[in-house]
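Fold and geometry: a report
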Amino acid sequence: MGVAPLWPSNSFTRSPAAAKTIQVKYLERVAPVGTSALFDLSGRVAVVTGGGGVLGGAIAEGLASAGATVAIADLLPDMANACAERIRARGGKAKGYAMNVFDRATIQSCCDAIVQDFGRVDILVNAVGGNMKGATTSPEQTFFDLPADTLQKVFELNLTGGTILPSQIFVKAMLDNPGGASIINISSMNAFRPLTRIPGYSAAKAAVSNFTQWLAVHLAQEYSTKLRVNAIAPGFFLTEQNRFLLTDKETGEPTQRGRTIIGHTPMGRYGTPEDLVGAVVWLASDASRFVTGIVLPVDGGFSAFSGV
Ligand SMILES: NC(=O)c1ccc[n+]([C@@H]2O[C@H](COP(=O)([O-])OP(=O)(O)OC[C@H]3O[C@@H](n4cnc5c(N)ncnc54)[C@H](O)[C@@H]3O)[C@@H](O)[C@H]2O)c1
């Protein structure tokens, strides 16, 4: 009589017949899922807050092109509707909704309306956020002059309103999804190392990354291992929010800051909003089913480059 092993034997210590059975079972589980099926979002309902904006809009269109039905929620319903219209014009399914992330009641009523329209929510992209000029240091406004209420607004726009409140409300609606759910936050380069001149925005995005990890652990431990939370950290995208920092208002030429950014981006260019789509579809889909709590840079190599 052999002594019982301390832990179950693996396929190497089992008999060849038992190992073969294990291998067949493994292949049955994995083989039918082709690579493209892993990224397929058909039948999923995605909510993109701030989807009326530049990056949120591109993300919404990308999710729709992967098959998702997309609810676009924004403070500006016209912008949300315009994005939904672009998706529908290409044969996708989408609808715009009004929502103010500073007002919990509007987030709740938006969530209720989406569940009423589409039956459930599987994917949440929290894309509301940004910096404010009044929270940026300049020769006219030093660090010592930055108004507390403007800094507070930046924290609220990116962290409390932009990320935490919508997560509270939409995740509650996702808790019982048999297939789980994916929450994707938008962090930034300044979360890894702060960028000069924008202390409030840098601190707020560092908090978004931190909260992403916190919520990933909390949901997996307390509710379901199928509820995943990740963030993307976009590099530098020339958008309305940062145009005044990166290009000269009069000449349109790159500012010194703009030149420094390109010089520190190994891929040598700004990102385009579409550059975010692959990363978001991956995080939203079963292709990343064992991934939670990460902050994924999409930055042309900026965060990897020491400058030398
Ligand atoms: N643009 C960049 O280079 C860059 C880089 C890194 C991260 N980000 C982040 O990406 C996200 C999207 O940025 P963007 O450049 O597309 O900005 P954007 O200003 O184009 O879009 C933001 C959207 O949020 C909406 N919004 C603003 N306040 C709101 C509120 N109270 N309630 C609901 N909606 C509200 C706006 O109407 C707008 O449609 C932000 O979190 C931003 O911080 C941007």
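All values reported here derive from a predicted model rather than from experimental measurement.

1. Thoughts on the overall build of the chain
Each helix and strand in the chain was counted, giving 10 helices and seven strands. Taken across its 308 residues, the chain has 39% of its residues classed as buried.

2. Section: the pairing of strand S1 (residues 45-49)
Across the five residues that make up S1, a large majority, five, are buried. Residue alternation in S1 divides its side chains into two sets, Val45, Val47 and Thr49 and Ala46 and Val48, and both sets are buried. Alignment of S1 against strand S2 (residues 69-74), held across five bridges, turns out to be parallel. Paired with Val48 across the two strands is Ile72, which belongs to S2. A crossover links S1 with its parallel partner S2, the connecting element being helix H3 (residues 54-65), and its sense is right-handed.

3. With respect to the site of the ligand
Close to the ligand lie 28 residues; Gly50, Gly53, Leu55, Gly129 and Phe237 are nearest. If one sorts the elements of the shell around the ligand by residue count, H3 sits on top with three residues. Among the residues forming the shell around the ligand, the class breakdown is 14 nonpolar, 12 polar and two charged.

4. Thoughts on the nonpolar core
In this structure, Leu63, Val70, Ile72 and Val280 are the most contacted members of the largest nonpolar core, which totals 76 residues. Element by element, the count of residues in this core is highest for helix H6 (residues 148-174), at nine residues. In this structure Leu63 touches Leu41, Ala46, Ala68, Val70, Ile123, Val280, Val281 and Ala284, once residues within four positions along its chain are discounted.

5. Quick look at the sheet that holds strand S7 (residues 295-298)
Read across the open sheet, the seven strands follow the order S3-S2-S1-S4-S5-S6-S7; overall the sheet is parallel. Each edge of the sheet is formed by a strand with only one pairing partner; in this case those strands are strand S3 (94-98) and S7. In this sheet, adjacent strand axes meet at a mean angle of 20° when their direction is disregarded. As judged from the four bridges shared by strand S6 (residues 227-234) and S7, these two strands associate in the parallel manner.

6. Focus on unusual backbone geometry
Although it is not a glycine, Arg197 adopts a positive phi angle of roughly 80°. Mapped onto the fold, Arg197 is located in the loop between strand S5 (181-186) and helix H7 (199-222).

7. Some words on the packing of H6 against H7
Following both chains from N to C, one finds H6 and H7 inclined at 20°, their axes separated by 8 Å at the closest point. With respect to their mutual orientation, H6 and H7 come out roughly parallel. Between H6 and H7 the crossing geometry is right-handed. For the pair formed by H6 and H7, the contact residues are Leu151, Val154, Phe155, Asn158, Leu159, Thr163, Ile164, Ser167 and Val171 on the first element and Gly200, Tyr201, Ala204, Lys205, Ala207, Val208, Phe211, Leu215 and Leu219 on the second. Of the residues assigned to the contact of H6 with H7, the class counts are 13 nonpolar, four polar and one charged.

8. Notes on the confidence of the model for the chain
On average, residues of the chain score 91 in pLDDT, and 89% of them reach the 70 mark or higher. Low pLDDT, under 50, characterises residues 1-14; the predicted model gives this stretch five contacts beyond four residues in sequence or across chains.

9. Observations concerning helix H10 (residues 277-284)
Here H10 lies mainly inside the structure; six of its eight residues are buried. Of all the residues in H10, the buried ones are Ala279, Val280, Val281, Trp282, Leu283 and Ala284. Elements that come into contact with the buried residues of H10 comprise S1, H3, strand S4 (123-126), S5, S6 and S7.

10. Points about the environment of Gly263
For Gly263, the position within the fold is in helix H9 (residues 256-263). Residues Gly263 and Gly307 lie 44 residues apart in sequence; the distance between their C-alpha atoms is 8.3 Å.

11. What to know about the packing of H3 against H10
Orientation of H3 relative to H10, taken along the N-to-C sense of each, is 55°, at an axis distance of 9 Å. In this view, H3 runs oblique relative to H10, as classed from their interaxial angle. Regarding H3 and H10, the two cross each other, and that crossing is right-handed. Contacts between H3 and H10 pair Ala58, Ile59, Gly62 and Leu63 from the former with Val277, Val280, Val281 and Ala284 from the latter. Looking at the contact of H3 with H10 residue by residue, the classes come out as seven nonpolar, one polar and no charged.

12. Some remarks on the pairing of S3
Inspection of the sheet shows S2 paired to S3 by five bridges, in the parallel sense. For Val70, the partnering residue across the bridge sits in S3 and is Ala94. One crossover worth recording links S2 to the parallel S3 by way of helix H4 (residues 77-89), and it is right-handed.

13. Considering H3
An ideal rise of 1.5 Å per residue puts 16 Å on 12 residues; H3 measures up with 17 Å between its terminal C-alpha atoms. In terms of burial, H3 is a largely internal element, 10 of the 12 residues being buried. In the stretch just after H3, Gly67 is the one whose phi turns positive, near 110°.

Thresholds applied
Residues numbered from 1 in each chain as written. Predicted model: local features only at pLDDT ≥ 70, side-chain atom pairs only at ≥ 80, totals over all residues. Helix = DSSP H or I, 4+ residues; strand = E, 2+ residues; numbered from the N terminus. Buried ≥ 20, exposed ≤ 12 C-beta atoms within 10 Å, placed from the backbone. Pairing = 2+ DSSP bridges. Right-handed = clockwise from strand over helix to strand, strands pointing away. Near = placed C-beta within 6 Å. Nonpolar A, V, L, I, M, F, W, Y, C, P; charged D, E, K, R; others polar. Core = buried A, V, L, I, M, F, W, Y, C linked by C-beta atoms within 7 Å. Contact = placed C-beta atoms within 7 Å. Axes fitted to C-alpha atoms, helices over the stretch in contact; angles between N-to-C directions. Parallel < 35°, antiparallel > 145°, perpendicular 65-115°, else oblique. Left-handed = near helix turned anticlockwise from the far one by under 90°. pLDDT = per-residue confidence, 0-100. Expected span 1.5 Å × (residues − 1).

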